[in-house]
Amino acid sequence: HRSLPHTHAQTEFKGSTHCRSQLQSSMASDHRLGALKAFDDTKAGVKGLVDAGATVVPLIFHHAPESLNDAPHHHDHQFAIPVIDLAGLATPSGRASAVGAVKAAAETVGFFQVVNHGVPEAAMSAMLAGLRNFIEEPVEAKAPYYTRDHGRRVRYQSNFDLFQSPAANWRDTLFMDMAPEPPAPEEIPPACRAVVPEFAGLVQRLGSTLLGLLSEALGLRRGHLEEDAACLEGLSLACHYYPTCPEPHLTLGTTKHSDPSFITVLLQDAVGGLQVLVVDDDKQNPAWVDVPAVAGALVVNVGDYLQLLSNDRFKSVEHRVVAKSAGPRVSVACFFRTDGSTRVLAPIVADGGNARYRNTTVDEMVRHYRAKGLDGVSSLQYVRI
Ligand code: OGA
Ligand code: NI
């Protein structure tokens, strides 16, 4: 039975002397496309499937066993993600020790958590509650925001790469582009309208602090990354909702990827599920390591554009989110970028070194990232020399 009008499989069959398996896989991909469209047309996301009583994970969400089990999961705390206290930045010795800790983390695991970061607990919990309220509204309230049009600054969708990636993820997302141009207040869903602008402003202030520390960690003046490289010019929030999953071993919350940002500040709730792919000093023995939920902390990681800018001194490390039968889990990933069309992204090369990347722009990188989707391949490959 074929419900789709298009006849790719038949054309391919007629035009070649082979091949039964090609025909079959082509029909399977037509079937998959139909299932993806049907899911997308509900505008209700994965939350809609769970609300409808799904007791199995539909096929479009099944990941290949080799991508689910690409590395062992380590519980070993020798790889723990460091927690860095920002309370002492006002004194020279406190600042120097924070710069040292940030440098060590950025050069190795690419992730750290911060406490005493200046974003009040109340603003963090209000942001998570607002996100939850929005996703848990009836579909009629959410559907007007459901779009794949990147021209809109507020976009609710399940899987930005639904039609590109090899397998869909068990999550829904509300994207909001907050800088350089914030959305008009009435463009933000009422469920979180009162909290999003304030939260974004607080995170921007923390971003400024972090970019100062990272600049010094690179041996540059404190204002370099924020003022000269304009790393704080753009801010996009990806507000994720990971519903409880009936068969968590078959799918993922988020496929392995590195981030399309200079740095990402991540607010997560207490459920957990974020994992980082760590390797040893010889880049051998990759293993998944948990980023535990630390009360009051924010997670910070180096993104692809800072790895490029630092000419590989800082590492944009791959990470993923596992699916869970516990939940739902909510998180807010805050991506710092520049104004993508006007600024050239180029590596800062130390004396006597060679550039490892060609020049590019954030727009070019984001276009590439969106076009390929989360396919397990780093976007940096695209611009590496
Ligand atoms: C991301 C991401 C992790 C999480 O949005 O890029 O990695 O915990 N999110 O939701
Ligand atoms: Ni990420």
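Residues numbered from 1 in each chain as written. Chains lettered and ligands numbered in written order. Predicted model: local features only at pLDDT ≥ 70, side-chain atom pairs only at ≥ 80, totals over all residues. Heavy atoms only, no water.

1. Comments concerning the coordination of the nickel ion (ligand 2)
At this site the nickel ion (ligand 2) is bound by H257 (NE2), D259 (OD) and H319 (NE2), with donor distances of 2.1 Å. Counting the intervening residues between successive donors of the nickel ion (ligand 2) yields the motif H-x1-D-x59-H. Of this pair, D259 sits in the loop between β7 (252–257) and β8 (263–268) while H319 sits in strand β12 (residues 319–322), and the two are 60 residues apart along the sequence. For the pair formed by D259 and H319, the shared burial category is buried. (Donors = N, O, S within 2.8 Å, 3.2 Å for Na, K, Ca; no water. Helix = DSSP H or I, 4+ residues; strand = E, 2+ residues; numbered from the N terminus. Buried < 20%, exposed > 50% of the residue type's maximum accessible area, 1.4 Å probe, protein only.)

2. Some words on the side chain of N169
Within the secondary structure layout, N169 lies in the loop between β4 (154–157) and β5 (172–179). Classification of N169 by relative accessible area gives buried; the value is 1%. Side chain to side chain, N169 and H63 meet in a polar contact 3.4 Å long. A polar side-chain atom of N169 sits 2.9 Å from a polar atom in the side chain of T255. Discounting residues that sit within four places of it in the chain, N169 has contacts with V46, F61, H63, N159, L252, G253, T254, T255 and L374. (Polar contact = N/O pair within 3.5 Å; in protein donor to acceptor, adjacent residues only side chain to side chain. Contact = heavy atoms within 4.5 Å.)

3. A short note on the UniProt feature "domain: Fe2OG dioxygenase" (unreviewed entry) in the chain
Here the UniProt feature "domain: Fe2OG dioxygenase" (unreviewed entry) sits at residues 231–339. Annotation note: span residues 231–339, helix share 6%, strand share 44%, distance between end C-alpha atoms 9 Å. (UniProt positions renumbered as here; feature names shortened; annotations may be inferred.)

4. A word on the packing of aromatic side chains
Aromatic ring pairs are defined here through the distance separating the ring centres and the angle between the ring planes. All chains considered together, the criterion is met by seven aromatic pairs. Between F134 and Y156, the aromatic rings sit 5.4 Å apart at their centres with planes inclined by 90°, giving edge-to-face as the arrangement. You can see F134 sitting in helix α6 (residues 121–135) and its partner Y156 sitting in strand β4, a full 22 residues away along the chain. Look at F134 and you get buried, because its relative accessible area is 0%. By relative accessible area, which is 0% here, Y156 ends up buried. With 5.1 Å between their ring centres and 85° between their planes, Y146 and Y156 make a pair best called edge-to-face. Taken as a pair, Y146 in the loop between α7 (139–142) and β4 and Y156 in strand β4 lie far apart in primary sequence, ten residues in all. Among the aromatic residues, those joined into a ring-pair cluster are F134, Y145, Y146 and Y156. The ring of Y382 has R358 lying over it, and the distance from NZ or CZ to the ring centre is 5.4 Å. (Phe/Tyr/Trp six-rings, centres within 6.5 Å; stacked < 30°, edge-to-face > 60°. Lys NZ or Arg CZ within 6 Å of the ring centre and 35° of its normal.)

5. Side note on the packing of α6 against helix α8 (residues 196–217)
Their axes nearest at 10 Å, the elements α6 and α8 cross at an angle of 130°. It follows that α6 is oblique to α8 by the angle criterion. Viewed along their axes, α6 and α8 form a crossing whose handedness is left-handed. On α8, the residues touching A123, M124 and M127 of α6 are V196, E198, F199 and L202. Here the residues of the contact of α6 with α8 sort into six nonpolar, no polar and one charged. (Axes fitted to C-alpha atoms, helices over the stretch in contact; angles between N-to-C directions. Parallel < 35°, antiparallel > 145°, perpendicular 65-115°, else oblique. Left-handed = near helix turned anticlockwise from the far one by under 90°. Nonpolar A, V, L, I, M, F, W, Y, C, P; charged D, E, K, R; others polar.)

6. Things to note about the sheet that holds β12
Strand order across the open sheet formed by five strands is β1-β10-β9-β12-β7, with mixed pairing between neighbours. Bordering the open sheet on either side are β1 (73–74) and β7, each of which pairs with just one other strand. When strand β9 (residues 274–278) meets strand β10 (residues 287–290), the two strands line up antiparallel, connected through four bridges. Across the sheet, the residue bridging to Q275 is D290, located in β10. (Pairing = 2+ DSSP bridges.)

7. Section: the pattern of salt bridges
Per the stated rule, a full pass over the model turns up 17 salt bridges. One salt bridge in this structure joins K103 and E107, with 3.4 Å as the shortest N-O distance. With a gap of four residues between them, K103 and E107 both fall in helix α5 (residues 92–107), about one helical turn apart. Taking relative accessible area as the criterion, K103 reaches 31% and is therefore assigned partly exposed. Here E107 falls in the partly exposed class, since its relative accessible area comes to 28%. The partner of D312 in a salt bridge is R384, and the shortest N-O contact between them spans 3.2 Å. (Salt bridge = Lys/Arg side-chain N within 4 Å of Asp/Glu carboxyl O.)

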